[in-house]
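Observations on the model geometry
Residues per chain, in single letters:
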Amino acid sequence: MSPAFKESFDMIVVGGGHAGCEAALAGARMGGTVLLLTLDLDKIALMSCNPAIGGLAKGHLVREIDALGGEMARAIDATGIQFRMLNTRKGPAVQAPRAQADKEAYRRRMTKTVNRQSNLSVRRGVVQRVLVEHGAVRGVETDAGTRYRGRTVIFTTGTFLRGLIHVGLESEAGGRVGEPAAVGLSDDLISHGFEIGRLKTGTPPRLHVRSIDFSHLEPQGGDAEPWPFSFSTPKIDRPQVPCHMTFTNPETHRIIRSNLDRSPLYSGKIKGIGPRYCPSIEDKIMRFADRERHQVFLEPEGLETEQIYANGISTSLPEDVQYDFVHSIAGLEAAEIIRPGYAVEYDFVPPTQLHASLETKRIEGLFHAGQINGTSGYEEAAAQGLLAGINAMRKLRREPPLVLARSEAYMGVLIDDLVTLGTREPYRMFTSRAEYRLLLRHDNADLRLSEKGRAVGLLSDEAYEAFTWKREQIRRETRRLQTTHILPTNGTNGVLASLESAPLRNKTSLAQLLKRPELNYAATAPLDPGRPPLSREIRWICETEIKYEGFIQRQTDHVVRARDMERTLIPDEIQYESIQGLSREVIEKLNYVRPATLGQASRISGITPAAISILLIFLKKNRCIGE
C-alpha cells in the first residue's frame, strides 16, 4: 500500500529560484493553495551568478513580467544599486534597462514576499519522484519519503538536476557551491519517457573590493534619472554605486593557454554544452585567438558585502591558475580571490517535450519552467515561471492557457522558440530573436500586456487604474500632437534654424515635426507652449509612436497577414504519416514537435513552405479548417 499524502495543494512548485518564486506567487495570488518546495529556505531567489537584472532583451522580459502582475520588477526597483539604460545611441527597439542588484537585499526581499503571501506554504524538501496516475500528475515524493498531493506540479529545478561542480580536474556533486545536487529526479523523469540532455554554465571568481586598485580603472556610473523596471514605481532616487572596467592582456591569455590541459572544459571532463553567448574566459581566448584583450567588468555584489563579481572571466580552471591570470590583469595585481570561479554541469529536459502552455506532453498537469527547459538567465526563468504558474491555475479552472504570440511579447518569442525549435545549448534572449521588436519595446510592455494581467487576476485594482489612466494620457497627447499645427513664421523658422532643422514653408502639425530625425519632444517645446505636464515615460512613448509610425505600421500589417497561420489549429490526433507528399524527414519533425498551429509548424527547422502548403490542403480537405 502506498504511503498517504501528508498535505494536498492545488499547485506544488519544486525549486525556490527565480522561476519558482514567480510560479508560486502567481498561483497563490490567483487563489490557489500552493506549496513551494526548495533545498534551502535561506537561498530563495539567490542570484547564483551575475548580481544584476535586465539587459538587452532581458530588460524587456522583466517589464513584461511586471505588466502581467509578476514580482521581479518590483524587487529589483527596491534593491538595485545602479540603474542604466543600454543602447541609448541606437533606436528604441533595442534599448533596454539593466540594474546592478544588491544580491543579499534582493534575496531577502523576495523571500519575505514569498513567506508573507497568503495561500502559499514554503517547505524544505528534495523531490525524488513525480507521482502519476493514468497519465496525470498526482503529486511528488521527497527523498525522506514524504508525499504531497498536487493537482498540478511545476518543476523549476535550476542547475540542480544531477548537478556536478568543476574546479580544475576536481569535481563534486552540487547545484551550487555548498549545496547538494538533486540526483534522483532525472532518473524518475527518464522512467516516464522524458528525453534528458546535459548543459553547462559557469561563474567567475569573486574578489575582495579592498584588494583591488581602482585608481587607473574606468568607472561606469548609473543614469542620472533611472528608468524603473516596474510600472508601479514612480521614481528611483537612491544613491548609486559605480562599476569599473578593466581588460585581460596577452600575459593573461598566455597563462590560460599554458594550463588548458588542467581545464575540465578542454580535457574532456565536462560533457555538457556551455552557453555560446556567455563563454568562459578559456573559450574566449581559444575562439577569438586574434583578440589581444577582453573586457572585465568589476561589479559590486551589494552595499553590505565586500565581494566584487568579475564579470567576463568565468572559468573552471584550477585555483592556482585563477590566481595567476587574475593577478595579470590591470588593477587586480594584488586581488584577493574570496571564492574561485567554477563550472556547473546539469541535466535539462529538452523543451520540445512541452506544450506552449509549458505543460509537459507526457504527463498532464506537470509543467516545467526555467533552466530545466534549457534556458539561462534569471529573467528568462522568471518569465517562464510566471506563465507556468498562470497556466497551471487556468488548467484547474478549465480555462484556456495564456499563450502569448511572438507579436505580443518577448515572452511569446521565448516560449515559442523553446517549444518549437528546442535548444542544444543554454538559451539566452536577444532582441535579434524578435522579428517584431519595434512593436515589443520595453516602454510599451504594459500597453501590450496589462489587460491580460488583469484578465488572469494578477493585476491589482490600483495597478490597473494607473495603467488605464496612462493609456488615456498617451491617447490624448498623441491626438493633440497630430491636431496642433505650427505656422511658418519667422519665429518658428528661427527656432528650427537653431536646431539645425529645415524651415517650414506650410502649416505643419507637431506630429509631422517630430518625424524629423534631428527633432525630439523636448526640442520642440519652444514651438509648443501649451503642452501639458506629462511624465517622461508618456512623452517618450508618444514621440516614439509618432516618429516610427511608418515602420510600426509595416510590422503591424505583417502581423495581421501572419495571423491566419497562427489561428489555424492542427488537431492533436492528426496522423502525419497519412498525408501524401510529406517527406519522411518532415513527418519525423512534425511528430517530434507536434505543433499546435500551422504557424508553429512553419517555424520548425527543416519544414519547407511546400510542406506547409501540403499540410494546409490536407486540413481543408478534411474539414479541419474552413475553406
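Here is a short report on the structure shown in this document. Note that the structure is a prediction, hence the values are computed from the model and not measured.

A short note on the overall build of the protein
Along the protein, the regular secondary structure elements total 19 helices and 22 strands. Over its C-alpha trace the protein gives a radius of gyration of 26 Å, about what one expects of a compact globule, namely 25 Å for 627 residues. For the protein, the C-alpha atoms occupy an extent of roughly 90 × 75 × 50 Å along the three principal directions. A total of 627 residues make up the protein; the buried ones form 56% of that total. Sequence-distant contacts, at least 24 apart, represent 73% of the contacts inside the protein between residues at least 6 apart. Carbon and sulfur atoms make up 50% of the accessible area of the protein, which totals about 27100 Å². Between the mean site of the 82 positive side-chain charges and the mean site of the 76 negative ones, the protein shows a separation of 4 Å.

A few points about the sheet that holds strand β19 (residues 342-348)
Strand order in this open sheet of four strands is β11-β10-β19-β12, and the pairing throughout is antiparallel. Strand pairing shows two members of the sheet lacking a second neighbour, β11 (170-173) and β12 (197-203), which therefore form its edges. Taken over all neighbouring pairs, the strand axes of this sheet differ in orientation by 25° on average, direction set aside. Sheet topology places strand β10 (residues 164-167) next to β19; three bridges connect them, and they run antiparallel. Bridge pairing in β19 links I165 to V344.

What about the nonpolar core?
Core analysis: the largest hydrophobic core is formed by 75 residues, its most contacted members being Y106, I154 and M411. Of the residues forming this core, the biggest block, eleven residues, is contributed by helix α9 (residues 378-396). Setting aside residues up to four positions removed in sequence, M411 forms contacts with L61, E64, I65, L68, A383, L386, L387 and L404. If you look at the next biggest cluster of nonpolar residues, it comprises 21 residues, including I281, I308, I313 and L332.

What to know about the pairing of β11
Summarising the sheet, β10 and β11 pair through four bridges and their orientation is antiparallel. Paired with V167 across the bridge in β11 is E170. Adjacent in sequence and paired antiparallel, β10 and β11 are bridged by two residues, among which G168 carries a positive phi angle near 60°.

What about the packing of helix α2 (residues 58-68) against α9?
Between two packed helices, both the angle of their axes relative to each other and the distance between the axes serve to describe the pair. The contact between α2 and α9 brings their axes to 9 Å, and the two run at 25°. By the angle between their directions, the pair α2 and α9 is classed as roughly parallel. Along this stretch, α2 crosses α9, giving a crossing that reads as left-handed. Mapping the contact onto sequence places K58, L61, V62, I65 and L68 in α2 and E379, E380, A382, A383, L386 and L387 in α9. Here the residues of the contact of α2 with α9 sort into eight nonpolar, no polar and three charged.

Considerations on helix α3 (residues 72-79)
Within α3, six of the eight residues are buried, which leaves the element mostly enclosed by the surrounding structure. For α3, the full list of buried residues reads M72, A73, A75, I76, D77 and T79.

Some words on helix α17 (residues 584-593)
Count 3.6 residues to each turn of an α-helix, and residues three or four apart come out pointing the same way. Those residues of α17 not exposed but buried are V586, I587, L590 and V593. In an axial view of α17, the angular spread of the buried residues amounts to 145°, which keeps them on one side of the axis. Turned more than 90 degrees away from the buried face of α17 sit R584 and E588, all of them exposed. Buried residues along α17 sit against α10 (410-421), α18 (598-602) and α19 (609-621). A positive backbone phi angle near 50° is found at R594, which sits one or two residues after α17.

Things to note about the side chain of N493
Among the secondary structure elements, N493 is positioned in helix α13 (residues 490-498). Take N493: its relative accessible area is 18%, and that puts it in the buried class. At 2.6 Å, the side chain of N493 and the backbone nitrogen of L504 are in polar contact. Ignoring anything within four residues of it in the chain, the contact list for N493 reads P488, P503 and L504.

A word on unusual backbone geometry
Located in the positive-phi region is L358, a residue other than glycine, with phi close to 80°. Note on L358: relative accessible area 1%, which makes it buried. The backbone phi angle of R594 is positive, close to 50°, even though this residue is not glycine. Checked against the element boundaries, R594 lands in the loop between α17 and α18.

Cut-off values and rules
Residues numbered from 1 in each chain as written. Predicted model: local features only at pLDDT ≥ 70, side-chain atom pairs only at ≥ 80, totals over all residues. Heavy atoms only, no water. Helix = DSSP H or I, 4+ residues; strand = E, 2+ residues; numbered from the N terminus. Rg over C-alpha atoms; globule rule 2.2 N^0.38 Å. Buried < 20%, exposed > 50% of the residue type's maximum accessible area, 1.4 Å probe, protein only. Contact = heavy atoms within 4.5 Å. Areas by Shrake-Rupley, 256 points an atom, 1.4 Å probe, with all protein chains shown as cover. Lys, Arg positive; Asp, Glu negative; His and termini not counted. Charge placed at Lys NZ, Arg CZ, Asp CG, Glu CD. Pairing = 2+ DSSP bridges. Axes fitted to C-alpha atoms, helices over the stretch in contact; angles between N-to-C directions. Core = buried A, V, L, I, M, F, W, Y, C linked by side-chain atoms within 4.5 Å. Parallel < 35°, antiparallel > 145°, perpendicular 65-115°, else oblique. Left-handed = near helix turned anticlockwise from the far one by under 90°. Nonpolar A, V, L, I, M, F, W, Y, C, P; charged D, E, K, R; others polar. Arc of directions from axis to C-beta. Polar contact = N/O pair within 3.5 Å; in protein donor to acceptor, adjacent residues only side chain to side chain.

Keep in mind these values describe shape, not function.
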